[in-house]
Amino acid sequence: MTTTAAEPRIESKIHHAPQYAEVAFPLRVSQTFTYRLPLALRDDARVGARLLVPFGRKLITGYIVALHEELDRALELNDHEIKDAEELLDSSPLLNPEVLEITRWISDYYLAPWGEVLKAALPAGLNTSVEQVLTITPEGLDELARLPPRKSETAKARILRYIHDEVETTLRTVEREMETKRASTVVRELERQGWINVTHRSQSATARAKRRKIVRLSPPEEHKDDSARRLTATQQRIIETLIEMGGEMFFTELLETTGASPASIQTLERRGIVETGAREVRRDPLKGAALPAVDEFELTTAQRAALDGIEAGLERRDYAAFLLHGVTGSGKTEIYIRAMRHALRQHRSAMMLVPEIALTPVFSRRLRAHFGDLVAIFHSSLTIGERFDEWNRLRRGEARVVIGTRSAVFAPVHDLGIIIVDEEHEASYRQQESPYYNGRDTAVVRALKEHAVVVLGSATPSLESFYNAERGKYIYLQLPERIANRQMARAEIIDMREVFAGAGKQEVFAPRLLEAIEETHGRGEQTIILLNRRGYSSFVLCRSCGDRIQCPNCDVTLTFHRSERNLICHYCNFRRNVPSSCPSCNGKYIHFVGEGTEQLEEILQTRFPDLRIARLDRDTTRARNSYEHAILRFGAGELDVLVGTQMIAKGHDFPNVTLVGVVSVDAGLALPDFRAAERTFQLLTQVAGRAGRGELAGRVLIQTFHPEAYALRHACAQDYDAFYREEIQYRKSLGYPPFSSLASLLIHGDDLTRTQTTAALIRQALDDANRDRTCKILGPAPAPLARLRGEHRIQILVKSANRTRLRETLDIALADAATMDGCDVRSINLEIDPVNLM
């Protein structure tokens, strides 16, 4: 077994049975590996299938990415170095050529391990794992007889005795039952001494089709000749019920309908009158869901022009990228649906990406109302079974429209015609753990590779997308006005410095906002209150010594959650009780500082006891369907006020909402990230767009201690162009995207000295690779969150106006760093085009 040196080929046709398979592993390794296919596997092996192979001392599952009839001489591989594959896990490939191609692009562009990307492209629970099975040998039995009494047993003796007592067990069970970190080391010693055997056994994937027992009428010719035996009344009822239901029913439903016992059906089966079997049943995420009415209405002039442009692109059956820039309430969703319908008429498929799971309930219902069972849903909140079934329907071509979050970009759709990326500016399209990729940019490239149309839609496009449209890379489509000539909500800033001066203390709600809530309710209208911070209080402060209670694992304060009576870290989930005195000085003056959505809800409930108020944040939406239930209740008018974080700020259409209150956005503006102003502007514009979407005028009140901030000023005017012109100048003067390509290297580890050493060596390697100084290197420096989940974090940023040179510099530097003593390259997280620098 050895690494390949050249980029593997994705081969769809093999003229002769291949002898070798090139395999990618879901591990943090950048290369692929070559294995010999035993004769029994050669005829059935296919690119895209999973293969069980030896890797080190283990058997692991890999993905076949190429097949070869002979070894590539350029790779200098010797046949005797190649290991044999153990088992082919799939009779047909799980990964189609389109998905293989886009995952290979992600691996190359984002420098992500290809195997990790392939694993991310498949539904959870589909990957087969391998367990190590332990049994005692005759030599082990002899050793066991010589062992001392149990009281003085060593760890080795205890484990050997446990394996004997269990007859057969697994390494994982031994590790759990023996409660020792050395279990795997001890097992290796026992195997080396010949006292136990270690074999490998593959475990079935947890995701599989669901099957239910059925009963069907047998063909008359299969009935046994026992006419002398008459049917009982119950047996007659079973047969009549089956005839009424078309000859087949689920076993349990037949019993419930007829009141029969299983014995009655078994008797009929023995007589050949009925037969039993199993049928695959679909686990539908929208089963029983109420669907909205399908209303067809006349498009506005701007909508018609935008749709015409997209449909013209579809007719050309070639790649085209559109930026659909429409103000909130301008009817972008209607254009999405009609464009997807056009693709379906061409017998092609459609894909719609949304930035958050929270948006899928509304959109998926609307698509199901239009396209019926052609719609499949794809996101991580589905059960393993639901996601497997939806993925299988797409793979078989039974579903031709898919809606989901960023991972839906890997959906195995056939003949892709159009990809819609709604709210394309959202940072949540970026995967924040390995493998790092951007779902929006991946969608653009997938459309390019499959000759499809991609539509990026937003009321507040990212600066990069708008810049691409200005340069002609994307076709620009604009919806400048709301449908039905509805006016944009009137936005006002409330200066909290003046509120503080008037009240003599800090207030959570300005009087003007409280009065507006009361007036809105008096008119029978609804209110949304936004604060992008969950919990009750931001942190706990000792007024005696000034200490704040910190998370022991992260460089952040603990947030007070009153409902749980706990202080919680929002990064590592560390929890502790609220102390009665200061842990540092034992002082008694513990003070709760700041506010979160939990406190806002309590204040409003106290101030307005007659109002029906609900809160939507991560704490209240942990239960399955809880978010969906609250949104539907608010939409139905069963709630008066909705308090929440950014999950309520976008994508929803509530015609009776006429007031939006923003409690504070100052924390977001102060983040040490060059995109802080852009994100604040986008959040305010999006949440303001929730007001006044019906016949009634809308109003937005924004509380802030920084009313002079240009992001707030332009958001109040809802003037995207003015914000873009000002922000793009800052980006240009500082050399940030879109005027440069950016890479982030985050070095992390639990040992600060070792982490600092690696960071210094990486900087040295980058400087050596950057001889022509086409890249600007910043750092190493502590990351804004310098410690997270027990690890120290050091950051290096690399910028370049030349993307090719940026990539070359990174490749050379990382290769050199891997040869340096003391440089732990495994501790480096490399992100290309990062969207979060925290």
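All of the points below concern the structure found in this document.

About the thresholds
- Residues numbered from 1 in each chain as written.
- Predicted model: local features only at pLDDT ≥ 70, side-chain atom pairs only at ≥ 80, totals over all residues.
- Heavy atoms only, no water.
- Helix = DSSP H or I, 4+ residues; strand = E, 2+ residues; numbered from the N terminus.
- Contact = heavy atoms within 4.5 Å.
- Lys, Arg positive; Asp, Glu negative; His and termini not counted.
- Charge placed at Lys NZ, Arg CZ, Asp CG, Glu CD.
- Pairing = 2+ DSSP bridges.
- Axes fitted to C-alpha atoms, helices over the stretch in contact; angles between N-to-C directions.
- Phe/Tyr/Trp six-rings, centres within 6.5 Å; stacked < 30°, edge-to-face > 60°.
- Buried < 20%, exposed > 50% of the residue type's maximum accessible area, 1.4 Å probe, protein only.
- Polar contact = N/O pair within 3.5 Å; in protein donor to acceptor, adjacent residues only side chain to side chain.
- Core = buried A, V, L, I, M, F, W, Y, C linked by side-chain atoms within 4.5 Å.

Quick notes on the overall build of the protein chain
And step 1. Secondary structure assignment for the protein chain yields 26 helices and 33 strands.
And step 2. Taken along its principal axes, the extent of the C-alpha atoms in the protein chain is 90 × 80 × 65 Å.
And step 3. Within the protein chain, counting contacts between residues at least 6 apart in sequence, those at least 24 apart form 75% of the total.
And step 4. Here the protein chain contributes 111 positively and 114 negatively charged side chains, and the mean placements of these two sets differ by 2 Å.

Details of the sheet that holds strand β23 (residues 566-568)
And step 1. Strand order in the open sheet formed by 3 strands is β22-β23-β24, with antiparallel pairing between adjacent strands. Looking along the sheet, the strands with just one partner apiece sit at the ends: β22 (559-561) and β24 (575-577). Taken over all neighbouring pairs, the strand axes of this sheet differ in orientation by 35° on average, direction set aside.

What to know about the packing of aromatic side chains
And step 1. Under the defined criterion, the tally for this structure stands at 22 aromatic pairs.
And step 2. Each ring, one from Phe-410 and one from Tyr-437, has its centre 5.4 Å from the other, and the planes form 65°; the classification is edge-to-face. A residue pair is termed long-range when its members are at least 10 positions apart, and Phe-410 in the loop between β15 (401-404) and β16 (416-422) and Tyr-437 in the loop between β16 and α15 (439-449) qualify at 27 residues.
And step 3. With a relative accessible area of 2%, Tyr-437 lands in the buried category.
And step 4. A centroid spacing of 6.2 Å and a plane angle of 20° characterise the contact between Tyr-720 and Tyr-724, whose relative ring orientation is stacked. Linking Tyr-720 with Tyr-724, this pair stays in helix α24 (residues 720-734), spanning 4 residues, or about one helical turn. Each member of the pair, Tyr-720 as well as Tyr-724, is classed as buried.

Side note on the side chain of Glu-727
And step 1. Topologically, Glu-727 is positioned in helix α24.
And step 2. Taking relative accessible area as the criterion, Glu-727 reaches 3% and is therefore assigned buried.
And step 3. A polar contact of 2.4 Å, which involves the side chain of Glu-727, links it to the side chain of Tyr-710.
And step 4. Among residues more than four places away in sequence, those in contact with Glu-727 are Leu-463, Phe-674, Ala-677 and Tyr-710.

Quick word on the nonpolar core
And step 1. Ranked by internal contacts, the top residues of the largest apolar core, which has 131 residues, are Leu-51, Leu-745, Leu-766, Val-798 and Leu-810.
And step 2. If we ignore the near neighbours within four places in the chain, the residues touching Leu-51 are Ala-21, Val-23, Leu-37, Leu-41, Ile-60, Thr-61, Gly-62, Ile-64, Ala-85, Glu-87 and Leu-88.
And step 3. The next biggest cluster of nonpolar side chains, apart from the first, holds 34 residues, and it includes Ile-310, Phe-322, Phe-363 and Leu-479.

Brief notes about the sheet that holds strand β1 (residues 20-24)
Strand pairing within a sheet occurs via backbone hydrogen bonds; the two strands may be parallel or antiparallel.
And step 1. In space, the 5 strands of this open sheet follow the order β2-β1-β4-β3-β5, with antiparallel pairing throughout. Because the sheet does not close on itself, it has two edges, and the strands there are β2 (33-36) and β5 (87-88).
And step 2. By the bridge criterion, 5 bridges tie β1 to strand β4 (residues 58-68) in an arrangement that is antiparallel. By the bridge assignment, Ala-24 is partnered in β4 with Tyr-63.
And step 3. Sheet contacts for helix α3 (residues 114-121): β1 and β4; angle to β4, the most-contacted strand, approximately 95°.

Thoughts on the side chain of Gln-703
And step 1. Inspection of the secondary structure puts Gln-703 in strand β29 (residues 699-704).
And step 2. Engagement of the side chain of Gln-703 in a polar contact is seen with the backbone nitrogen of Ala-510, the distance being 2.8 Å.
And step 3. With residues near it in sequence (within four places) discarded, Gln-703 still touches Ile-494, Met-496, Val-508, Phe-509, Ala-510, Leu-513, Val-662, Val-663, Ser-664 and Val-665.

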